[in-house]
Protein chains: 4
Amino acid sequence: MSSTYGKIFKISTFGESHGRAIGVVVDGCPSGVDFDEILIQNELDRRKPGQSRITTQRKEADSFEVLSGVFEGKTTGTPIALVIFNEDQKSKDYAHIADKFRPSHADYTYSTKYGVRDYRGGGRSSARETAARVAAGALAKMVLNHYGVEIYSYVSQVGAMKLAKSYQDLDLSKIDDNAVRCPDSEMAEKMFNYIDQVRKDGDSIGGVITGVLKNVPAGWGEPVFDKLHAELGKALLSINAVKGFEYGSGFDGVELLGSQHNDAFFTDENGKVKTKTNHSGGIQGGISNGEDIYFRVAFKPVATIMIDQDSVNEAGDAVTVSGKGRHDPCVLPRAVPIVDAMSALVLVDAMLRARVNKL
Amino acid sequence: MSSTYGKIFKISTFGESHGRAIGVVVDGCPSGVDFDEILIQNELDRRKPGQSRITTQRKEADSFEVLSGVFEGKTTGTPIALVIFNEDQKSKDYAHIADKFRPSHADYTYSTKYGVRDYRGGGRSSARETAARVAAGALAKMVLNHYGVEIYSYVSQVGAMKLAKSYQDLDLSKIDDNAVRCPDSEMAEKMFNYIDQVRKDGDSIGGVITGVLKNVPAGWGEPVFDKLHAELGKALLSINAVKGFEYGSGFDGVELLGSQHNDAFFTDENGKVKTKTNHSGGIQGGISNGEDIYFRVAFKPVATIMIDQDSVNEAGDAVTVSGKGRHDPCVLPRAVPIVDAMSALVLVDAMLRARVNKL
Amino acid sequence: MSSTYGKIFKISTFGESHGRAIGVVVDGCPSGVDFDEILIQNELDRRKPGQSRITTQRKEADSFEVLSGVFEGKTTGTPIALVIFNEDQKSKDYAHIADKFRPSHADYTYSTKYGVRDYRGGGRSSARETAARVAAGALAKMVLNHYGVEIYSYVSQVGAMKLAKSYQDLDLSKIDDNAVRCPDSEMAEKMFNYIDQVRKDGDSIGGVITGVLKNVPAGWGEPVFDKLHAELGKALLSINAVKGFEYGSGFDGVELLGSQHNDAFFTDENGKVKTKTNHSGGIQGGISNGEDIYFRVAFKPVATIMIDQDSVNEAGDAVTVSGKGRHDPCVLPRAVPIVDAMSALVLVDAMLRARVNKL
Amino acid sequence: MSSTYGKIFKISTFGESHGRAIGVVVDGCPSGVDFDEILIQNELDRRKPGQSRITTQRKEADSFEVLSGVFEGKTTGTPIALVIFNEDQKSKDYAHIADKFRPSHADYTYSTKYGVRDYRGGGRSSARETAARVAAGALAKMVLNHYGVEIYSYVSQVGAMKLAKSYQDLDLSKIDDNAVRCPDSEMAEKMFNYIDQVRKDGDSIGGVITGVLKNVPAGWGEPVFDKLHAELGKALLSINAVKGFEYGSGFDGVELLGSQHNDAFFTDENGKVKTKTNHSGGIQGGISNGEDIYFRVAFKPVATIMIDQDSVNEAGDAVTVSGKGRHDPCVLPRAVPIVDAMSALVLVDAMLRARVNKL
């Protein structure tokens, strides 16, 4: 188990889906940050269940408590502990799958690795764990606000429904205008209806989230192993259900010639070095170059479905896993704040690490 | 700068393209490993320049020296230092671009981040650095051999030329049978001719490498942040020119329904728990499940081309960057052993970390 | 700030003296440990205030809550969060020193380093923080119990009163028989009376704690930097008020000749390699050799005294700091469980790290 | 094995006493440092064997090569590899103890821990390893020079011969004026003669080194675990033969009352906050307070002596270990530059870490 992320702005998350609480300790947050409780709660609210009929109906207020590290409205440089006590712990819901391995869940691998397993709602492997990430990410955002960094992510694909427009052609202020978190209202409606139909079928569907990081100054990212995009990749791949990550030109870019793909430098009217195109995705040699950073993250369909499935139990006997309880037919809308949070955590750590590059 | 990778099997690489030497220190290799110098040299030979007319003609024997950590043919548990002295240091080749930012290279970002920059062949940002990774990766392979783990990677796409067959339908023993390192000889020939044409045009082209990791036992990978696929993603994204990573069903999997995507468990004739399909790509909840691990890695076209390009210099003035010197028109064939190496490094670290999971 | 300790059994502590709570997250505890709540509470009780008239009269039950990581009485391998909510938060006690730097406290250095400072009872720099260490250390002890490792520490000196007997001549089962935690009852009584007199004088006094670690198997400790005694030294020096650490022959050993100091090896009746003497203190080359590990830790007199002292305030003006509130005249008796805890944390990490030494 | 030290200025050392080379990779040195090869060689010369008749007569020039990370006289921010090839590899000297455990050496513990062991001169456990630390420490000194930090250490005790003067009463510029490295010439002569007599007797003797760190600004050190003195303690305890560490008032301070020990603050003529006394040793709450940092380090007598000793071999049989070869009768004079180096490494890391404390 490694529930610690970050080299300087270091977070340690804890908690199980149906345990007493989930939370996070942030060790390494600079002192002097105006602590904005509302920002944290807003981000938690964007992730919490029960936002619309296309998300799980589990009831959680997801309100948090600050246990340490903040004094008279400012961070003090000491560890900040944030805790969310679980309210809706219907453990009995899970008795029927206590010794069964749910297909494409982590039941089998946790059981093999640890010998014991908290089977209630997936325990530690539940996406409920990400609430702690969102709280920590909101803290990271507070720090990044001082640098003018802006973080956006939105749903750009659900199943085969793919938004044709690039991020430059979208109004990113509209991401939260609909339940899907797609800033194109027309496409958002189609996606909503599709997800709702999948829900009624007791099934689930995947999709893609696009992330955009604006105003990141040149110089963040630590090659050769902790390149900025490598850290983003790791952080985003660590989110439940993620199967792929690409940035800049990504997988499509492999079909271009170098003469098409290279981003020519020029100096703009303010004397700033810029690139004419941005196939690089704002990162060159693993270091931000001042252009927009953009990337795409693939999410598989949620493993929990309301349809009977073949499986085995701890003893290896064939069993049927029956769908039951509450679930998200599509994780994408609620994953948007998680992608934001992980992006913020990567950036704040990169920013702090860049402070020691030069004498 | 962070040139250290791994939590337990920890490597620290060093060296610049045209400096005195490149190398690696491995701190944390277990004692008692039969040290196989030939395996290391073989892997270095697979990566070295000048293998065929579609790779750079730089002359480097890439022979290595062992400075420490091995005694009477076995690793002793102490740090193992491997060094490759640079032979072909034609620094004068680079005088013409000493103060110019080559498009889509790391010249601008290194200059901004560090203030000073070794401009000779890209200095530390050169892919020459990966020779040290390959040496360390060969050491990791020696350890993994004891577990029967097999590591394969091959070129599955060059530009728009995409191998239609999945890895199951290929003979992975044939990867090194041709200069492209595509195990399908027919496709390999087409790719070779295409790369050769791109080379003649002074241009470059990207592609995709597919990786396959066989016989990885269930239980490797450390959620929630150091999930096995997240570590693979980071390690592979840290390779020069990589723009994307996906594993299992990847980006295509987002279009499937949960009922199509889920991998049903069953018990095989030997009492082993297996899955009927493998959309999960051998990893569930960030932990290996015993099935094949497979993934795809996207490489952009090499930034160095033989065609004049617009750019700016350190002073911000508009300049022309002229192609000159030796370069790879397509990095993919030489990147195969690097993908192998990074995969091996991720796996050996995951294996060692898994030793402390249980009481 | 770095409130994280350990490479594998990694703890992150949080909390201020007069904040909402203090606590710890343990990331890396193996699964399958029988979770013994009583052991944790016992250790906390040994550290808690108000045990006798020679300790501070602050009222804290120091009862803890388990927030995660334990299921059906066993650790699951996931992070274990333990929280102690503060009860006795008399912040008003500290208004009079809000902008004053108390002599030999951390007020000035925290203020300089972080710009802001939680002045209530020293905030994060208070020894109250060590309650979280004691909770984590109790968890470490549960793991070590499986290896038969025994951890003892006791007060061997208070001011100039020094116990002449070595640890071999004491009954270590009697450490908790008196309020001083000195296993020699006669000396304990003298120490008690002396501390009580110092208390009445409004003053404070230092002392030495001796630690003894029995049944540590040969092979723990990671040279060349993380030698077992170097880790013990760091861990113990990180406890509030500690000024020195020595192990084995320590500072006195420098006066011996090599021919006197060397520990001759022999093979005992069970075929086990032993040493005739143990000036090495159970550690050779930074690795345990199977003999008893013993060490001494020096604690300065507590900085808080009931006597007026000269100082300056945040503005640099001369001020008087008046003694007020509750304090320990001698930290030693309550520091014993903290020394135990840090020793346990060092050993459990060393034990887990030793699992990856050999192929 | 853990041969990596430092969180930001991270060093990885490698090499065995009689292997091909020893060396170090520094990952995290800031760019823009004027690289001073002479400083490095000077420090290595202070540590090298054969300086006088009271040090070992092994012949090693200890000249180093720079393999990477320096360009046109400046550090580039990339890893700096420094290598010292071993010249005097008289391995045959060690054949007679190949399977014997030398008393109070690390032979037995390495053998137990790793199964295999490079017996030539102690292999990795030899103090020869510290040459790499000295090279890295010299690099750290280059960085600290920009902050005006001064590092001194000297021999203050050999056997029972103890320098009565405190560091304030000594001329620290005279440390290198004699072979003993004691700045008091009269005492130095006595120590020299004593060590020489011990040498003639084929025996060895221990001693104490006092360290003084001047001009360290307030604010360095990372509580609660990486307190500045805790890092110093660990770093110094990791040096071969060290048995104890104390700073400020140390072990003697435990006998003082709080009213005697506390350091009163005052504001000096320049408006700087100072303390009237310095029992704190320049560190309060684990953070430097701007006063001199001073400490003492205890070294045991060298384990290698020219006198026959009882021991056992790998098979457990009783054997005699006969003294042979070249050795230091007292490690102190050559340990002075090592104490300097470790102090510098601790300080440079603390300096860089302090850069991220505040927003």
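Conventions used here
Residues numbered from 1 in each chain as written. Chains lettered and ligands numbered in written order. Predicted model: local features only at pLDDT ≥ 70, side-chain atom pairs only at ≥ 80, totals over all residues. Heavy atoms only, no water. UniProt positions renumbered as here; feature names shortened; annotations may be inferred. Contact = heavy atoms within 4.5 Å. Buried area = accessible area lost by both parts, 1.4 Å probe. Polar contact = N/O pair within 3.5 Å; in protein donor to acceptor, adjacent residues only side chain to side chain. Nonpolar A, V, L, I, M, F, W, Y, C, P; charged D, E, K, R; others polar. Pairing = 2+ DSSP bridges. Helix = DSSP H or I, 4+ residues; strand = E, 2+ residues; numbered from the N terminus. Salt bridge = Lys/Arg side-chain N within 4 Å of Asp/Glu carboxyl O. Least-squares fit on C-alpha atoms with pLDDT ≥ 70 in both. Buried < 20%, exposed > 50% of the residue type's maximum accessible area, 1.4 Å probe, protein only. Expected span 1.5 Å × (residues − 1).

- By the naming in an unreviewed UniProt entry, chain A goes by Chorismate synthase and is assigned to Lacihabitans soyangensis.
- As its UniProt record puts it under Pathway (unreviewed entry), chain A is described as follows: "Metabolic intermediate biosynthesis; chorismate biosynthesis; chorismate from D-erythrose 4-phosphate and phosphoenolpyruvate: step 7/7."
- You can read under Sequence similarities (unreviewed entry) in the UniProt record for chain A the words "Belongs to the chorismate synthase family."

**Focus: the interface of chain A and chain B**
Here's step 1: Across the boundary between the two partners, chain A contributes 108 residues, which contact 108 residues of chain B.
Here's step 2: Three residues stand out in chain A for area buried against chain B, namely A:Lys113, A:Phe225 and A:Lys243, and they jointly supply 12% of the buried area on that side.
Here's step 3: Here chain A and chain B share 58 residue pairs in polar contact (both at pLDDT 80 or more) between them.
Here's step 4: Class assignment of the residues belonging to the side of chain A that touches chain B gives a composition of 45 nonpolar, 41 polar and 22 charged.
Here's step 5: Of the pairings in the sheet, the one linking strand S11 (residues 242-247) of chain A to strand S11 (residues 242-247) of chain B comprises 3 bridges and is antiparallel in character. Residue pairing for S11(B): A:Phe245 is matched across the bridge by B:Phe245.

**Let's talk about the sheet that holds strand S2 (residues 10-15) of chain D**
Sheet strands pair by backbone hydrogen bonding; their relative direction is either parallel or antiparallel.
All names here are of chain D.
Here's step 1: In spatial order, the strands read S1-S2-S3-S7-S4; together these 5 strands make up an open sheet with antiparallel pairing. Of all the strands in the sheet, just strand S1 (4-5) and strand S4 (65-66) have a single pairing partner and so form its edges.
Here's step 2: In terms of strand pairing, S4 meets strand S7 (residues 80-85) through 2 bridges, oriented antiparallel. Looking at S7, one finds that Glu65 is bridged to Val83.

**Focus on the interface of chain A and chain C**
Often, the extent of an interface is quoted as the loss of accessible area upon association of its parts.
Here's step 1: Counting residues at the interface gives 39 residues for chain A, matched by 39 residues for chain C.
Here's step 2: Summing both sides of the interface, chain A and chain C together bury roughly 2900 Å²; the carbon and sulfur share of this comes to 62%.
Here's step 3: Per-residue buried area on chain A facing chain C is highest for A:Phe14, A:Leu67 and A:Phe71; these three make up 20% of the total on that side.
Here's step 4: Between A:Glu65 and C:Arg20 there is a salt bridge; the shortest N-O distance is 3.4 Å.
Here's step 5: Secondary structure elements with two or more residues in the side of chain A that touches chain C: strand S2 (10-15), strand S3 (21-27), strand S4 (65-66), strand S6 (74-75) and strand S7 (80-85) of chain A.
Here's step 6: In terms of residues, the side of chain A that touches chain C owes the most to one element, S2(A), which gives 5 residues.
Here's step 7: Considered class by class, the residues forming the side of chain A that touches chain C number 14 nonpolar, 14 polar and 11 charged.

**A few points about the relation of the copies chain A and chain B**
Here's step 1: Each copy of the sequence occupies a distinct position, and chain A is placed on chain B by a rotation of 180° and an axial shift of 0.0 Å, giving an RMSD of 0.0 Å. What the rotation and shift describe, once combined, is the action of a two-fold rotation axis.
Here's step 2: Both copies present the same face, since 100% of the interface residues in chain A are matched by interface residues at the equivalent positions in chain B.

**Thoughts on the UniProt feature "binding site: FMN" (unreviewed entry) in chain A**
Residue and element names in this part refer to chain A.
Here's step 1: The residues that UniProt annotates with the feature "binding site: FMN" (unreviewed entry) are Arg124, Ser125, Ser126, Asn240, Ala241, Gly285, Lys300, Pro301, Val302, Ala303, Thr304 and Arg326. The greatest C-alpha distance among the annotated residues, which extend across 203 residues, is 44.4 Å, indicating that they are dispersed rather than converging on a single site.
Here's step 2: Among the structural elements, Ser126 can be located in the loop between helix H2 (107-114) and helix H3 (130-145).
Here's step 3: With a relative accessible area of 13%, Ser126 lands in the buried category.
Here's step 4: Dropping the residues within four chain positions of it, Ser126 is found in contact with Ser17, Gly121 and Asn240.

**Describing helix H7 (residues 332-354) of chain A**
The periodicity of an α-helix, 3.6 residues per turn, causes residues three or four places apart in sequence to face the same way.
Here's step 1: An ideal rise of 1.5 Å per residue puts 33 Å on 23 residues; H7(A) measures up with 32 Å between its terminal C-alpha atoms.
Here's step 2: Summarising burial for H7(A): 23 of the 23 residues are buried, a large majority.

**Thoughts on unusual backbone geometry**
Residue and element names in this part refer to chain A.
Here's step 1: Looking along the chain, the bond that leaves Pro223 and enters Val224 is cis, with omega of 10°.
Here's step 2: When you line up the elements, Val224 lands in the loop between strand S10 (207-214) and helix H5 (228-237).
Here's step 3: Of note, the phi angle at Glu72 is positive, near 50°, even though the residue is not glycine.

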